[in-house]
Amino acid sequence: MHAAREVEWLDLVNEHDEVVGAVTRGAAWAQRLPVRVINAFLKDSAGRLWIPRRTTHKRMFPGCLDMSVGGHVERGETYEQAFRRETQAELRLNVNDLPWQQIATFTPRDGLSAFMHVYEIHSDATPHFNPDDFSSAQWLTPAELVTQIEQGDTAKGDLRRLVQRCYGVGHA
């Protein structure tokens, strides 16, 4: 889905997360420039997280475990607008229909890849995810997920650290 886009423009931000310009997604990652992203975890009433596996045709982190929802905040968009858009695109869920909350805010100084707002969506239903984004998924407790990654399952860059910081599992 994202590969079909011509050029994805993002807000370039300074060390205080203030918009100072615009940059393409490709340039931002190639030059490690500060941009904004959102991530979200779908959490069920048993405390398990819905963890998808990225499709193998993804340019970055193909076939890796991923956050339930993730994406860039596009130019002119707020974090919450990006969260709503990405949740609809990836999980086909309207967050107006579900309880959710923002659970964390991070910066690159926290050892993560970007300025980031993290959300949690509460639902016991397995979403009918977008097959362009994910190939499969499983419900795991935060501890089970960290163990699976530590035992060698490949995961998107920030996944382990986010779960550790947001859910108090293992060493952050």
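Residues numbered from 1 in each chain as written. Predicted model: local features only at pLDDT ≥ 70, side-chain atom pairs only at ≥ 80, totals over all residues. Heavy atoms only, no water.

1. Topic: the overall build of the protein
Part 1 of the reasoning: Within the protein, the regular secondary structure consists of four helices and eight strands.
Part 2 of the reasoning: Traced from its N-terminal end to its C-terminal end, the protein shows the element sequence β-β-α-β-β-β-α-β-β-β-α-α.
Part 3 of the reasoning: Over its C-alpha atoms the protein spans a radius of gyration of 15 Å, differing by no more than 12% from the 16 Å that the globule rule assigns to 172 residues.
Part 4 of the reasoning: Dimensions of the protein, computed from C-alpha atoms along their principal axes, come out at roughly 45 × 35 × 30 Å.
Part 5 of the reasoning: The buried share among the 172 residues of the protein stands at 46%.
Part 6 of the reasoning: Counting contacts in the protein only where the partners sit at least 6 residues apart, residues at least 24 apart contribute 61% of the total.
Part 7 of the reasoning: A total of about 8,500 Å² of accessible surface is found on the protein, and carbon and sulfur atoms cover 49% of it.
Part 8 of the reasoning: Within the protein, one finds 19 positive and 23 negative side-chain charges whose respective centroids are separated by 4 Å. (Helix = DSSP H or I, 4+ residues; strand = E, 2+ residues; numbered from the N terminus. Rg over C-alpha atoms; globule rule 2.2 N^0.38 Å. Buried < 20%, exposed > 50% of the residue type's maximum accessible area, 1.4 Å probe, protein only. Contact = heavy atoms within 4.5 Å. Areas by Shrake-Rupley, 256 points an atom, 1.4 Å probe, with all protein chains shown as cover. Lys, Arg positive; Asp, Glu negative; His and termini not counted. Charge placed at Lys NZ, Arg CZ, Asp CG, Glu CD.)

2. What about the pattern of salt bridges?
Part 1 of the reasoning: Counted by the stated rule, this structure contains 14 salt bridges.
Part 2 of the reasoning: The partner of Glu120 in a salt bridge is Lys43, and the shortest N-O contact between them spans 3.8 Å. Of the two residues, Glu120 sits in strand E7 (residues 115–122) while Lys43 sits in strand E3 (residues 36–43), which places them 77 residues apart along the sequence.
Part 3 of the reasoning: Note on Glu120: relative accessible area 4%, which makes it buried.
Part 4 of the reasoning: Here Arg85 ties to Glu74 by a salt bridge, and the two come within 3.7 Å at their closest N and O atoms. Here Arg85, found in helix H2 (residues 79–91), pairs with Glu74, found in the loop between strand E5 (69–72) and H2; they are eleven residues apart in sequence, far enough to count as distant.
Part 5 of the reasoning: The exposure class of Arg85 is partly exposed, given its relative accessible area of 22%.
Part 6 of the reasoning: A cluster of three or more residues bridged by salt bridges with shared partners is formed by Glu74, Glu77, Arg85 and Glu86. (Salt bridge = Lys/Arg side-chain N within 4 Å of Asp/Glu carboxyl O.)

3. Looking at the environment of Leu42
Part 1 of the reasoning: Positionally, Leu42 belongs in strand E3.
Part 2 of the reasoning: Remark: the alpha-carbon pair of Leu42 and Thr87, spanning 45 residues in sequence, is separated by 9.9 Å.
Part 3 of the reasoning: Residues contacting Leu42, with those up to four places away along its chain left out, are Arg48, Leu49, Trp50, Ser68, Leu91, Leu93, Ile121, Ser123, Ala125, Pro127 and Trp139.

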